[in-house]
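Fold and geometry: a report
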Amino acid sequence: MTETCWAAAAHLPDGLAFDVTFELADGRFSAVRPGTAPGDARRLPGVVLPGFANAHSHAFHRALRGRTHGGGGTFWTWREAMYAVAARLDPDSYRALATAAYAEMALAGVTAVAEFHYLHHGPGGVPYADPHAMRDALRAAAADAGVRLTVLDTCYLAGGFDTPSEGPQLRFGDRDVHAWAERAADADGVAVHSVRAVPRDALGVVAKAAEGRPLHVHLSEQPAENAACLRRHGLTPTAMLAAEGVLGPHATAVHATHLTDADIAQLAGSGTGVCLCPTTERDLADGIGPARALHDAGVELSLGSDEHAVVDLLEEARALEMHERLATGERGRFRPAELRTALTNHAPMGRPDAGRIAVGAPADLVAVRLDTVRTAGADPAQVLYAATAADVDTVLVDGRTVVEGGAHRLGEVGPLLAGAIGALR
Ligand SMILES: [Zn+2]
């Protein structure tokens, strides 16, 4: 299958280019030619970017948006609301909700998702007849929604330090780490839920089971986790993960909000990436992570919408800079190209070949309009500081059109979301 597209402006690896023709063949770019006339190519509006990477997702958390703010609360009370949704899901409702959530992501320019999947089993932790029923529901959802999916089979063995799992947590857990490893053997990637949920003596087993696949871990999202880990083990979570062999070039630490200078050096020295989720971190009052310090230390940054209180990766990228501005009183903490690199970093999915518009790379494209009420007048070089998900017009994933004219190929996504979420209430 071949196609020729053209855009007046596009962000290529060397920078912004104009009058660009893209040739797509078998899901990859076969030619990229700036300074060319459109001819009879399909014209893409606005400015074209590589596909956005959503490196941290829990699809079912989408059901909580706009429902957790009444009483204020904390991260921990939010978690109770999340458990209540988890308790109601089965493979069919999980698939319906994830399809709608992934379709919303596609509308926002997301072409690939790393799903940090921990809702493995039925009520009470009883495995489904097919132990992969929930994971397969996510796969079917991503196929319908048109996004590339990396399912991270997540190890979750305890409710907290020296606390067994209880209630809905039982659905997340396995008998022991070896039972988890058996199920996760053919997953795209794996994850340690957190140092709270995976005891120290199991961390090395998870690291070994990863075998070069992506390995993700929630890290130091809340100060309480750091304090408990220091009390129990005399180590920060980062130091304990390092000691047990979890960190490394295939590892991605998610959040990494509350780090010491030694933690930052350890993440950088091991080649571990960090996925920041700014809209979640502000929603849950986690704090502002040390994004610039991590970047300066040599850590590769990526972005995730995590709990999906907001699904707008342009906003996540912008928030990297804006949160730094609030924390430091300085503008220009990140250059626009650095924000774009984080927005299009597909390495945490195990796909470092994606996220750039170049010959041989997967043909993922996002066309962002420059004539909407938000973007009119914006310099295409600075579109990240003006555009929102609503300005995404066209999205191609592996050369296939998933979104065109701002509409998803599945039709109206709002009713899909409303139906899937309503069915859980
Ligand atoms: Zn998360």
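Rules used throughout
- Residues numbered from 1 in each chain as written.
- Predicted model: local features only at pLDDT ≥ 70, side-chain atom pairs only at ≥ 80, totals over all residues.
- Heavy atoms only, no water.
- Donors = N, O, S within 2.8 Å, 3.2 Å for Na, K, Ca; no water.
- Tetrahedral: all angles 85-135°; square planar, octahedral: opposite > 155°, others 65-115°.
- Helix = DSSP H or I, 4+ residues; strand = E, 2+ residues; numbered from the N terminus.
- 1 Å grid on protein atoms, 1.4 Å probe; cavity = no way out; pocket = protein on both sides within 12 Å on 5 of 7 lines; lining within 4 Å.
- Points joined across faces, edges and corners; volume = space filled by probe spheres on them.
- Nonpolar A, V, L, I, M, F, W, Y, C, P; charged D, E, K, R; others polar.
- Salt bridge = Lys/Arg side-chain N within 4 Å of Asp/Glu carboxyl O.
- Buried < 20%, exposed > 50% of the residue type's maximum accessible area, 1.4 Å probe, protein only.

1. Observations concerning the coordination of the zinc ion
Every protein donor of the zinc ion is listed here as His56 (NE2), His58 (NE2), His218 (NE2) and Asp306 (OD), and their distances to the metal cover 2.1 to 2.7 Å. Coordination at the zinc ion comes from four donor atoms whose angles at the metal span 85 to 173°, giving a geometry best classed as irregular. Every donor residue of the zinc ion comes from the same chain, spaced as H-x1-H-x159-H-x87-D. Of this pair, His58 sits in the loop between strand E5 (52-57) and helix H1 (75-88) while Asp306 sits in the loop between strand E12 (301-303) and helix H11 (313-328), and the two are 248 residues apart along the sequence.

2. Re empty space enclosed by the protein
Scanning the model with the defined rule gives five cavities of 30 Å³ or more in all. Taken together, 19 residues line the largest cavity, and the ones lying closest to its centre are Phe75, Trp78, Met82, His193 and His218. For the lining of the largest cavity, the element with the most residues is H1, which contributes five residues. Among the residues making up the lining of the largest cavity, the classes are represented as eight nonpolar, six polar and five charged. Contributing to the lining of the second largest cavity are Leu276, Pro278, Glu281, Gly287, Ile288, Gly289, Ala291, Ala319, Leu320, His323 and Glu324. Going through the elements one at a time, helix H9 (278-283) and H11 are the ones with two or more residues in the lining of the second largest cavity. Broken down by class, the residue content of the lining of the second largest cavity amounts to six nonpolar, three polar and two charged.

3. What about the pattern of salt bridges?
For the coordinates displayed, the defined rule picks out 29 salt bridges. Asp296 is paired through a salt bridge with Arg292; the nearest N and O atoms lie 2.8 Å apart. Note that Asp296 and Arg292 are positioned in helix H10 (residues 291-297) at a spacing of four residues, about one turn of the helix. Exposure remark for Asp296: the relative accessible area of 53% places this residue in the exposed category. A salt bridge links Arg318 to Glu315, with the nearest nitrogen and oxygen atoms 3.0 Å apart. With Arg318 and Glu315 both in helix H11 and three residues apart, this pair spans about one turn of that helix.

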